Amino acid sequence: MKLTRPVSWFLAAFGVWSWIVWVTFVKNLWKDTSGLAFHDGDHSSPTAYFWIHLTLAVVSTVFGTVIGAIGVRGLRALRRDQPPAVTEPQRQDRAPARK
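The present account deals with the structure reproduced in this document.

What counts and what doesn't
- Residues numbered from 1 in each chain as written.
- Predicted model: local features only at pLDDT ≥ 70, side-chain atom pairs only at ≥ 80, totals over all residues.
- Heavy atoms only, no water.
- Helix = DSSP H or I, 4+ residues; strand = E, 2+ residues; numbered from the N terminus.
- Contact = heavy atoms within 4.5 Å.
- Areas by Shrake-Rupley, 256 points an atom, 1.4 Å probe, with all protein chains shown as cover.
- Expected span 1.5 Å × (residues − 1).
- Buried < 20%, exposed > 50% of the residue type's maximum accessible area, 1.4 Å probe, protein only.
- Axes fitted to C-alpha atoms, helices over the stretch in contact; angles between N-to-C directions.
- Parallel < 35°, antiparallel > 145°, perpendicular 65-115°, else oblique.
- Left-handed = near helix turned anticlockwise from the far one by under 90°.
- Nonpolar A, V, L, I, M, F, W, Y, C, P; charged D, E, K, R; others polar.
- Patch = residues over 30% accessible without salt bridge, like charges linked within 9 Å, V, L, I, M, F, W, Y side chains within 5 Å.
- Salt bridge = Lys/Arg side-chain N within 4 Å of Asp/Glu carboxyl O.
- Phe/Tyr/Trp six-rings, centres within 6.5 Å; stacked < 30°, edge-to-face > 60°.

Considerations on the overall build of the protein chain
Here is step 1 of the chain: Helix and strand counts for the protein chain stand at two helices and zero strands.
Here is step 2 of the chain: Taking all contacts inside the protein chain whose residues are at least 6 apart in sequence as the whole, residues at least 24 apart take part in 61%.
Here is step 3 of the chain: When the accessible surface of the protein chain is summed, it comes to about 8,500 Å², and 64% of that surface belongs to carbon and sulfur atoms.

With respect to the environment of Val16
Here is step 1 of the chain: Looking at where Val16 falls in the secondary structure, it is placed in helix H1 (residues 5-30).
Here is step 2 of the chain: Distance in space between the C-alpha atoms of Val16 and Ile67 is 9.6 Å, their sequence separation being 51 residues.

Some words on H1
Here is step 1 of the chain: With 26 residues, H1 should reach 38 Å at 1.5 Å per residue; the first-to-last C-alpha distance of 38 Å fits that figure.
Here is step 2 of the chain: Within H1 the residues assigned to the buried category are Ser8, Leu11, Ala12, Gly15, Ser18, Trp22 and Leu29.
Here is step 3 of the chain: At its buried positions, H1 is contacted by helix H2 (48-81).

Thoughts on the packing of H1 against H2
Packed helices, taken two at a time, are described by the angle their axes make and the gap between the axes.
Here is step 1 of the chain: Taken N-terminus to C-terminus, the directions of H1 and H2 make an angle of 155°; their axes are 7 Å apart at the nearest point. As the angle between them shows, H1 and H2 are arranged roughly antiparallel. You can see that H1 and H2 cross each other, and the crossing is left-handed.
Here is step 2 of the chain: A per-class count over the contact of H1 with H2 returns 20 nonpolar, 11 polar and one charged.

A short note on a nonpolar patch on the surface
Here is step 1 of the chain: A cluster of nonpolar residues, Val58, Val59, Val62, Phe63, Val66 and Ile70, forms a patch on the protein surface that exposes about 520 Å² of accessible area.
Here is step 2 of the chain: Within the secondary structure, Val62 sits in helix H2.

Let's talk about the side chain of Ser18
Here is step 1 of the chain: Its place among the elements puts Ser18 in helix H1.
Here is step 2 of the chain: If sequence neighbours within four positions are ignored, Ser18 has contacts with Val23, Ser60 and Gly64.

Notes on the environment of His39
Here is step 1 of the chain: On the secondary structure map, His39 appears in the loop between H1 and H2.
Here is step 2 of the chain: In this structure His39 touches Ser45, Pro46 and Thr47, once residues within four positions along its chain are discounted.

Some details on the packing of aromatic side chains
Here is step 1 of the chain: For the structure shown, the criterion picks out five aromatic pairs.
Here is step 2 of the chain: With 5.5 Å between their ring centres and 75° between their planes, Trp22 and Phe25 make a pair best called edge-to-face. With a gap of three residues between them, Trp22 and Phe25 both fall in helix H1, about one helical turn apart.
Here is step 3 of the chain: Phe25 sits in the partly exposed class, given a relative accessible area of 26%.

Quick look at H2
Here is step 1 of the chain: Compared with the 50 Å implied by 1.5 Å per residue over 34 residues, the 49 Å span of H2 between its first and last C-alpha is a close match.
Here is step 2 of the chain: Of the residues making up H2, those classed as buried are Phe50, Ala57, Ser60, Thr61, Gly64, Gly68, Gly71, Gly74 and Leu75.

In structure tokens, the structure reads:
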């Protein structure tokens, strides 16, 4: 199956977007001081909320990476299958060879 150029770009962009969103989410989860992620703000005692959301972020980042890689492979395949650019034919001398 071949992917079209727009679909390949969408998948590649989705992979990048996943990394941006989920890495930011994990950073914010780690900085949480409201008591949702850690008991009393102590990083040595994470809550179930922390583990569930960290698992969600890791799985989503892995899926985003795989989807983005599929998009990049689609773009590479399109570039490889693209016909060569049309160039001007080289000028040939018409004079007969002298002996």
